[in-house]
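Secondary and tertiary structure notes
Here's the letter readout for the chains.
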Amino acid sequence: MPRLSAIIITKDEAGNIGDCLDSLAFCDERIVVDAASHDGTMMIAKEKGARVATHGWKGFGPQKNYALSLAQGDWVLSIDADERVSPELAREIRATIDDGKADGYEIPRRSSFCGRMMRGSDRVLRLFRRDRGRFTDDVVHERVVCDGKVMRLNEPLLHYPVARLEDAIRRIDQYSTLGAEQLAASGRRISVLSGVTHGVGTFLRVYLLKLGFLDGAAGFMLAVANAEGAYYRYMKAWLARQRD
């Protein structure tokens, strides 16, 4: 039977890591790579039976590649601390790796916003053969590159990133700063108009193309939050260029 390793990177995730690890009880090993948490994340992870390591923060991509280097299973499931694997998805993952028809699998992901689960979903490549996948070295918005056939699973991964509006505002600031640093270093042309056009485009994509309007006020707020994140990413990058 193929062995499955789950990898999670953390930084002050005491409120999430316990439930996350509980949902991964079906895995053969669970690895947590922590970036100097101060809230008991590591202690909780150890109490849950996870293998815990520390690693200096160099960005999401490098951090996940380090976690991947520690995995010993034939297959790897990458999951964030604010995500959960349902029993139905766990059974599908186990059946899938037993069949081994592909080298990587995209999983539909449903996210909640301010306590409400959104109807729309995106797809994320999170399950792959250990020797066929790696993460890009992007500081933020990293992705898995799989050398081989990629198929799709049916059961969704559950994502709980924003419990309160304050969480959304904090994430907008954090991720837009990281994205701006990456954007500013890319050499791409950036103007004030770039922030406006990408912000509007993001709102239309989330609210219309991803059917956010079906979720009422919560869907509208989520689209606005995503648009703000895109706008501030470009504006922070533009300001950084002006200071250089």
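Residues numbered from 1 in each chain as written. Predicted model: local features only at pLDDT ≥ 70, side-chain atom pairs only at ≥ 80, totals over all residues. Heavy atoms only, no water.

**Structural notes on the overall build of the protein**
To keep it simple, the criterion reads: Numbering goes from the N terminus for both helices and strands, where a helix is a DSSP run of H or I of at least four residues and a strand is a run of E of at least two. Using C-alpha atoms as the atom set, the radius of gyration is obtained and then compared with a globule rule of 2.2 Å times the number of residues to the power 0.38. The buried label applies to any residue whose accessible area, calculated with a 1.4 Å probe on protein chains only, is under 20% of its type's maximum; exposed applies above 50%, and partly exposed to all values in between.
The secondary structure content of the protein amounts to 7 helices and 11 strands. Scaling as 2.2 N^0.38, a compact globule of 244 residues should have a C-alpha radius of gyration of about 18 Å, and the protein matches this with 18 Å. A principal-axis box enclosing the C-alpha atoms of the protein has dimensions of 55 × 40 × 35 Å. Burial analysis of the protein (244 residues in total) assigns 45% to the buried set.

**Looking at the pattern of salt bridges**
Definition in use: Salt bridge, as used here, is a side-chain nitrogen of Lys or Arg placed within 4 Å of a carboxyl oxygen of Asp or Glu.
As enumerated under the stated definition, the model contains 17 salt bridges in all. Here Arg94 makes a salt bridge to Asp28, at a shortest N to O gap of 2.8 Å. With Arg94 in helix H4 (residues 87-99) and Asp28 in the loop between helix H1 (17-22) and strand S2 (29-34), this pair connects stretches of sequence that are 66 residues apart. Its relative accessible area of 35% is what places Asp28 among the partly exposed residues. For Asp82, the salt bridge identified is with Arg171, shortest N-O distance 3.8 Å.

**Side note on the nonpolar core**
Where we set the bar: In these notes, a set of buried Ala, Val, Leu, Ile, Met, Phe, Trp, Tyr and Cys residues joined through side-chain atoms within 4.5 Å is what counts as a nonpolar core. Pairs of residues are marked as contacts when any of their non-hydrogen atoms sit within 4.5 Å.
Counting 27 residues, the largest nonpolar core has Leu24, Leu77, Val85 and Leu127 as its most contacted members. Taken together, the elements giving at least two residues each to this core come down to strand S1 (4-10), H1, strand S4 (75-78), H4 and strand S6 (104-113). Here this core gets 4 residues from one element, more than from any other, and that element is H4. In this view, Leu77 contacts Leu4, Ser5, Ala6, Ile7, Leu24, Phe26, Cys27, Val85, Ile93, Ile107, Arg126 and Leu127; residues no more than four positions away in its chain are not counted. Counting 18 residues, the second largest nonpolar core, distinct from the first, contains Ile31, Ala53, Phe60 and Phe135.

**Let's talk about the pairing of S2**
For the record, the criterion: Two strands form a pair only when DSSP identifies at least two bridges running between them. A right-handed crossover is one whose linking path, passing over the helix from the first strand to the second, runs clockwise when the strands point away from the viewer.
In terms of burial, S2 is largely enclosed, as 6 of its 6 residues are buried. Covered by surrounding structure in S2 are Glu29, Ile31 and Val33 together with Arg30, Val32 and Asp34, the residues of both alternating faces. Direction of pairing for S1 relative to S2: parallel, over a ladder of 6 bridges. Bridge pairing links Ile9 to Val33 in S2. The sheet contact formed by S2 and strand S3 (residues 51-54) spans 4 bridges and is parallel. Opposite Asp34, over in S3, you have Thr54 as the bridge partner. In the classification by handedness, the crossover that spans S2, the intervening helix H2 (residues 41-47) and the parallel S3 is right-handed.

**A few points about the packing of aromatic side chains**
For clarity, the threshold we go by: Only rings of Phe, Tyr and Trp enter the pairing, Trp through its six-membered ring, and a pair is recorded when the two centres are within 6.5 Å. The plane angle decides the type: under 30 degrees is stacked, over 60 is edge-to-face, the rest tilted.
Evaluation of the coordinates by the stated rule reveals 9 aromatic pairs. Ring geometry for Trp75 versus Tyr105: centroids 6.0 Å apart, planes at 40°, classification tilted. Of this pair, Trp75 sits in strand S4 while Tyr105 sits in strand S6, and the two are 30 residues apart along the sequence. Relative accessible area serves as the criterion here: at 3%, Tyr105 is assigned to the buried category. Centre to centre, the rings of Tyr207 and Phe220 are 5.8 Å apart; their planes meet at 85°, and the pair counts as edge-to-face.

**What about the environment of Val124?**
With respect to the helices and strands, the residue Val124 is situated in strand S7 (residues 116-129). Judged by its relative accessible area of 12%, Val124 is buried. In sequence terms Val124 and Arg143 are 19 residues apart; their C-alpha atoms lie 8.3 Å from each other. Excluding its chain neighbours within four sequence positions, the residues that come into contact with Val124 are Tyr105, Glu106, Ile107 and Arg109.

**Quick notes on the layout of surface pockets**
So the rule is basically this: Cavity and pocket criteria rest on a 1 Å grid covering protein atoms alone: a 1.4 Å probe that fits but cannot get out defines a cavity, protein on both sides within 12 Å along at least 5 of 7 lines defines an open pocket, and an atom within 4 Å of a point defines a lining residue. Grid points are joined across faces, edges and corners, and a volume is the space filled by probe spheres set on the points.
Here the second largest pocket defines a volume of roughly 160 Å³. As for the second largest pocket, its lining consists of Phe113, Leu165, Ala168, Ile169, Ile172, Asp173, Met221, Val224, Ala225, Glu228 and Tyr232. Broken down by secondary-structure element, the contributors of at least two residues to the lining of the second largest pocket are helix H5 (165-184) and helix H7 (216-243).

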